[in-house]
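Read off the chains here:
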Amino acid sequence: AVQAGIPDTLNIHSDFENTLSIEEHEQISNNDIRFNNHNQTIHFGNLDGLFRLIDLNGRVRMTKKINSGEQINIQHLSDQMYVVVLTTEYGNTVKKILKY
């Protein structure tokens with residue numbers, strides 16, 4: 001959910017001068033990356049790219065090339081907050097999920 005004008009899904013850009021900017025990406029909606037805590041799966045809508053799941057200690061817990069409509073099961077991972085990073089032709093999209 002969006003609170004106080006802060007979007008759930010952000011696009012992160014980096015240029016050659018090592019500056020970093022974050023902006024909401026118009027090409028990717030919140031519905032394109034969804035987490036279903038009931039069956040412990042991350043659903044990807046109409047997106048192809050490289051998926052990475054990072055825990056709050058900065059460890060990459062999963063990496064996988066995904067195709068449009070794919071689902072990733074994370075039932076085997078511990079309950080905690082994770083960051084989903086999806087690299088597509090539009091850049092890096094970051095979304096936080098809470099597994100409980």
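Look up: the structure comes first, before these words.
What counts, and at which threshold
- Residues numbered from 1 in each chain as written.
- Predicted model: local features only at pLDDT ≥ 70, side-chain atom pairs only at ≥ 80, totals over all residues.
- Heavy atoms only, no water.
- Phe/Tyr/Trp six-rings, centres within 6.5 Å; stacked < 30°, edge-to-face > 60°.
- Pairing = 2+ DSSP bridges.
- Helix = DSSP H or I, 4+ residues; strand = E, 2+ residues; numbered from the N terminus.
- Axes fitted to C-alpha atoms, helices over the stretch in contact; angles between N-to-C directions.

A. Looking closely at the packing of aromatic side chains. Evaluation of the coordinates by the stated rule reveals one aromatic pair. On the numbers, 5.5 Å between centres and 70 degrees between planes, the contact of F44 with F51 is edge-to-face.

B. Molecular detail of the sheet that holds strand 7 (residues 71–73). The three strands lie next to each other as 3-4-7, forming an open sheet whose pairing is antiparallel. If you trace the sheet from one side to the other, it starts and ends with strand 3 (33–36) and strand 7, each paired once. Within the sheet, the average angular offset between the axes of one strand and its neighbour, ignoring direction, is 20 degrees. Bridge count for strand 3 against strand 4 (residues 41–44) is four bridges, and the pairing is antiparallel. Paired with I33 across the two strands is F44, which belongs to strand 4.

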